[in-house]
Amino acid sequence: MRRSPPQKPVDYLPIAFPAIMLGVFFVIPFAIMVAISVFERVQGGFYEPAFTFANYARFLTPFFGKVLAFSLGLAALVSAVCLLIGVPFTYMLTRLRRGKQVVWLIALLGVLSLSEVIIGFAWSTLLSRTAGLSNLFVWVGLMERPEAWTPGFAAVLTGLVYQAFPYTVLVLYPAFSRLDPSLMEAARTLGCSPARAFANVVLPAMRKTLLATFIIVFIFALGAYLLPQILGRPQHWTLSVLVTDQAIYQSNMPFAAAMAVFLVVASLALVGLSMAITGRKGAAGV
Amino acid sequence: MSGLELVDITKRFGTVTAVDDITLTVADGTFVCLLGPSGCGKTTLLRMIAGLEDPTSGDIRLQGERLNDTPAHRRNLGMVFQSLALFPHLNVGENIAYPLRIRGGSPASCEARVRELLDMVQLPGVEQRAITQLSGGQRQRVAIARALAVSPQLFLLDEPLSALDAKLRETMQMELRQLQQRLGITTIVVTHDQREAMTMSDQIVVMSKGRVEQMATPIEAYRKPASPFVADFLGQANLIRVKRADNGASFDGGFIPGLEVPAGAESLVSVRPEDVIVTSSGNGPVQADVVFVREMGANIEIYLDAGQERIVALAAPKSHGDFQVGARVSLTLPPDACVVFGAEGAH
C-alpha cells in the first residue's frame with residue numbers, strides 16, 4: 001500500500017467528491033444557520049440581517065436551562081440504557097455461529113428502515129390503554145385492568161431506546177467480533193468467574209468502543225424531536241422539540257437557529273471532550 | 001493414583017469427533033508435549049484439561065480427584081494461550097498480579113511476587129511498561145510469569161511459541177524446559193513443531209485424527225515409531241513397501257538382506273535418512289539414481305529413485321563430489337535401522 005502523503009493537487013481528487021458533498025450539504029447550511037442566529041426577527045414577517053446576541057441571551061433563562069438539562073439527561077439515559085442492553089446482546093451475538101449472526105443483524109437493520117413517525121405511532125398504540133400491551137398482561141393475568149403507559153417519560157425513553165438500539169449494536173459489533181476470545185478464557189484460567197471476567201477484562205479492554213458508542217447514541221438522542229412529542233407530555237419535550245416549535249410554528253427563525261447552533265456546539269464539545277479522554281488513555285489501548 | 005489422568009475422553013462438536021476415546025496419564029512433574037498436525041484434537045484436549053471445554057464423555061482426574069465438574073476458575077492451573085491473551089488495559093505488573101488480586105492478595109505481597117516472577121522469567125524491572133511496549137519474546141515471558149503467578153498444579157501452554165521467529169523460538173524452548181525442571185511443575189504443551197517437542201519434553205504424545213498414535217520419550221518415538229504416521233511426522237522417514245524374500249525383504253528397487261517381515265501381504269518399512277548408506281561404487285543390494293541433491297551446510301540430502309520408491313539419504317558434505325544428479329549409486333538399508341509395520345500400520 002502507498003503511504004506517502006499526497007503531493008500534487010491531483011492526489012486529492014479521490015476525496016474531492018465527499019469534500020464537496022460535505023461542504024454543500026453541511027458546512028454551507030450550518031454557516032447560514034449561524035448567520036441567521038444573530039439576525040433579528042421581524043414581527044409578522046421573517047427576519048432581517050443584523051448582528052445581535054439577543055437570541056442567545058433569550059435562553060439564559062431557568063426555563064431553557066431546565067429544558068437543556070432535561071435534553072442532556074434524557075440523551076445520557078438513552079445512551080446508558082442502550083449500552084446496558086446492547087453490550088451483553090452484542091457480546092452474545094458475536095459468540096453465535098455466522099449464519100445466526102447475519103439473521104440478527106438483518107432484523108436490526110430492518111428497524112433502521114422504519115421512519116421515526118411509524119416508530120412513534122406504533123409505540124403509542126402499543127403503550128395505550130385501549131389497544132396496548134397492558135391488555136395482553138391483563139389477559140395473561142399479570143394485571144388487574146389495562147393501563148395507559150403513554151404519554152409519559154417511560155414511553156419517551158422506550159421509543160428512543162428502541163430507535164437507537166440498532167445503532168448501538170452496529171457500532172459495538174465490529175469491535176466485539178475482533179475481541180480475542182482467549183482474553184475471557186485467560187481470565188477464567190487465572191481464577192475469575194465468567195461474570196467477573198466479563199466485568200473486569202472485556203469491558204475495560206473495550207472502553208474506547210463503549211465511549212464511542214455512548215457519544216454516538218447520545219448525539220442521536222439529543223436530536224430526537226418527534227418521539228418526545230408523540231410519546232411524551234410537554235414537560236418531556238427536548239430542546240430539539242423547542243427548536244422545531246420556534247422554527248415552524250412561531251416562525252422565529254433566528255431564535256431557532258441560535259438554539260440549534262447551541263445544540264451543535266454542545267454536541268461537538270462533548271465529542272471533543274471524550275476524544276481528549278481516549279486520546280490520553282489511548283496509548284495503552286487495544 | 002497421582003498426576004493427571006485422562007480416562008476415555010471423547011469430545012464431539014456436532015457430528016465431528018475432535019477427540020476420540022483418549023486415555024493417558026501424565027506423571028507429576030513431567031513435561032509432556034501433545035504433538036500433531038492441525039485438526040488432530042490436541043488443542044481441544046488441552047482445553048478440556050483447562051476446563052474451557054466439557055468432554056462429551058470420559059473423566060479427567062488430578063491427583064485422583066475428578067475434575068470434570070470443577071469450573072475453569074477453580075482448577076488452580078496456569079495457561080498460556082496462543083495469542084498470549086495479555087490484558088491490553090493493564091500494564092505488565094498488573095497483568096502478572098491479576099490472578100493474585102483476584103484471590104485477594106494485598107498490594108504489597110502482589111508487588112513482591114511480581115518482582116520475583118519477573119526475575120524468574122529474566123525480565124526484571126518492566127512492571128510499569130504497557131504491553132504494547134514489549135517485544136514478542138518479552139510478551140511471551142510476561143504471559144508465562146502470569147500463568148505461574150499462583151504456583152498452579154498444572155501448567156498448560158497452547159502453541160506458546162508459534163508467534164516468535166525461529167531463533168528466539170529455540171532459545172525460549174530451552175528456557176521453558178529449564179524453568180519447568182527448576183519448578184518441577186507438571187507441564188503440558190500443545191505444538192505442531194516436532195523439533196519443539198523433541199527439545200522440551202519428557203514424553204511426547206503424537207496425535208492424529210483425535211487419537212493418540214504413540215506416547216513415548218522423544219528418542220523412543222523417533223527410534224521406534226509405533227505407526228507410519230509417527231515415523232513420518234517425527235523427522236523425516238522413508239516409508240517403503242516390502243515383501244518377504246529369502247534371507248530378507250525385497251521391494252521394487254532392491255533387497256534388504258537380513259530384515260524379517262511377515263509373510264504374505266506387503267509390509268511398510270520405515271528407515272531414517274541418516275541411516276541410509278550411500279556408496280558410489282560396488283554392487284550393493286539396492287541400485288538407485290540420484291535425482292536431486294540439497295546442500296544443507298551441515299550435511300547434504302540426496303534424493304534417490306530406487307525402482308518406484310523415492311528414498312532420501314543424508315550424507316556428510318565431504319562426500320558431495322561423489323554424488324552428481326543422474327549418477328547411479330548403490331544403497332544399503334541396515335536391517336537394524338528399519339522399523340517394520342504390518343499391513344495395518346501397526347507392529
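Computed from a predicted model, the values in this text were never measured in an experiment.

**Q** Would you mind going over the packing of helix 7 (residues 153–178) of chain A against helix 10 (residues 207–222) of chain A in detail, with residue names and values included?
**A** Residue and element names in this part refer to chain A. Running from N to C, helix 7 and helix 10 point in directions that differ by 150°, and their axes come no closer than 10 Å. In terms of orientation, helix 7 and helix 10 fall into the roughly antiparallel class. The two elements helix 7 and helix 10 cross, and the hand of that crossing is right-handed. Together, Leu160, Ala164, Tyr167, Thr168, Val171, Leu172 and Ala175 of helix 7 and Thr209, Ala212, Thr213, Ile216, Val217, Phe220 and Ala221 of helix 10 make up the contact between the two elements. Taken together, the residues of the contact of helix 7 with helix 10 break down into 11 nonpolar, 3 polar and no charged.

**Q** Provide a residue-level description of the pairing of strand 10 (residues 211–216) of chain B, including the pertinent values.
**A** Residue and element names in this part refer to chain B. Note that strand 9 (residues 203–208) and strand 10 share 5 bridges and pair antiparallel. Its bridge partner lying in strand 10, isoleucine 204 is registered against alanine 216. What sits between strand 9 and strand 10 in their antiparallel hairpin is a turn of 2 residues, with lysine 209 showing a positive phi close to 55°.

**Q** Describe unusual backbone geometry, with residues and values.
**A** Residue and element names in this part refer to chain B. The phi torsion at leucine 84 lies on the positive side, around 70°, for a residue other than glycine. Considering the arrangement of structural elements, one finds leucine 84 in the loop between strand 6 (77–80) and helix 2 (92–102). Not every positive phi belongs to a glycine, and serine 151 is a case in point at roughly 50°. Tracing the backbone shows serine 151 in the loop between helix 4 (136–147) and strand 7 (154–158).

**Q** Break down the sheet that holds strand 10 of chain B for me, citing the residues and quoting the values.
**A** Residues and elements named next belong to chain B. Ordered in space as 6-7-8-3-9-10, the 6 strands form an open sheet in which the pairing is mixed. Strands at the two margins of the open sheet, each flanked by one partner only, are strand 6 and strand 10. Across this sheet, the average inter-strand angle for adjacent strands is 15°, counted without regard to direction.

**Q** Describe the pairing of strand 14 (residues 267–271) of chain B, naming the residues involved and giving the relevant values.
**A** Residues and elements named next belong to chain B. Among the 5 residues in strand 14, 4 count as buried, and that is most of the element. One ladder, built from 5 bridges, connects strand 11 (residues 238–245) with strand 14; its direction is antiparallel. Bridging across to strand 14, isoleucine 240 finds its partner in valine 269. Relative to strand 20 (residues 339–341), strand 14 is paired through 3 bridges, and the arrangement is antiparallel. Looking at the pairing, leucine 268 lines up with phenylalanine 341 of strand 20.

**Q** Could you give an account of the interface of chain A and chain B, naming the residues involved and the relevant values?
**A** Often, the extent of an interface is quoted as the loss of accessible area on bringing the components together. The partner chain B presents 18 residues to the 18 residues of chain A that form the contact. Only helix 8 (181–189) and helix 9 (194–205) of chain A provide two or more residues apiece to the side of chain A that touches chain B. The element that contributes the greatest number of residues to the side of chain A that touches chain B is helix 8 of chain A, accounting for 6 residues. Classifying every residue of the side of chain A that touches chain B gives 10 nonpolar, 5 polar and 3 charged.

**Q** Pulling in residues and values, what's your account of the domain arrangement of chain B?
**A** Residues and elements named next belong to chain B. Under the domain assignment, chain B is made up of domain 1 (4–232) and domain 2 (236–341). Relative to domain 2, the C-alpha centre of domain 1 lies at a distance of 39 Å. Every contact between the two is made by 6 residues of domain 1 and, on the other side, 6 residues of domain 2. Partitioning the side of domain 1 that touches domain 2 into residue classes produces 3 nonpolar, 1 polar and 2 charged.

**Q** Residue-level account of the packing of helix 3 (residues 62–95) of chain A against helix 7 of chain A, with values.
**A** All names here are of chain A. Interhelical geometry of helix 3 versus helix 7 gives an angle of 45° and a closest axis separation of 7 Å. As far as their axial angle goes, helix 7 and helix 3 are oblique. As helix 3 runs across helix 7, the sense of the crossing is right-handed. Together, Leu77, Val78, Val81, Cys82, Leu83, Ile85, Gly86, Val87, Phe89, Thr90, Tyr91 and Thr94 of helix 3 and Leu157, Leu160, Val161, Ala164, Phe165, Thr168, Val169, Leu172, Tyr173, Phe176 and Ser177 of helix 7 make up the contact between the two elements. Residue composition of the contact of helix 3 with helix 7, grouped by class: 18 nonpolar, 5 polar and no charged.

**Q** Can you break down the nonpolar core residue by residue, with the values?
**A** In a soluble, globular protein the nonpolar side chains are often hidden away together inside. In this structure, B:Cys33, B:Leu34, B:Ala145, B:Leu156, B:Val205, B:Val206 and B:Leu331 are the most contacted members of the largest nonpolar core, which totals 111 residues. Shared between two domains, this core takes at least three residues from each, and those domains are domain 1 (4–232) and domain 2 (236–341) of chain B. Non-local contacts of B:Leu331, meaning those with residues more than four positions away in its chain, are made with B:Val276, B:Ile277, B:Val278, B:Gly284, B:Val286, B:Ala288, B:Leu304, B:Ala306 and B:Ile311. Membership of the second largest hydrophobic core comes to 43 residues, among which are A:Ala164, A:Phe165, A:Phe218 and A:Ala257.

**Q** Which residues make up helix 2 of chain B, and what values do they have?
**A** All names here are of chain B. Of all the positions in helix 2, only Val92, Asn95, Ile96, Ala97, Tyr98, Pro99 and Leu100 are classed as buried. For helix 2, the secondary structure elements touched by its buried residues are helix 3 (107–120) and helix 4. One or two steps after helix 2, the chain reaches glycine 104, where phi turns positive at roughly 80°.

Conventions we followed
Residues numbered from 1 in each chain as written. Chains lettered and ligands numbered in written order. Predicted model: local features only at pLDDT ≥ 70, side-chain atom pairs only at ≥ 80, totals over all residues. Axes fitted to C-alpha atoms, helices over the stretch in contact; angles between N-to-C directions. Helix = DSSP H or I, 4+ residues; strand = E, 2+ residues; numbered from the N terminus. Parallel < 35°, antiparallel > 145°, perpendicular 65-115°, else oblique. Left-handed = near helix turned anticlockwise from the far one by under 90°. Contact = placed C-beta atoms within 7 Å. Nonpolar A, V, L, I, M, F, W, Y, C, P; charged D, E, K, R; others polar. Pairing = 2+ DSSP bridges. Buried ≥ 20, exposed ≤ 12 C-beta atoms within 10 Å, placed from the backbone. Domains from an automatic or database assignment. Core = buried A, V, L, I, M, F, W, Y, C linked by C-beta atoms within 7 Å.

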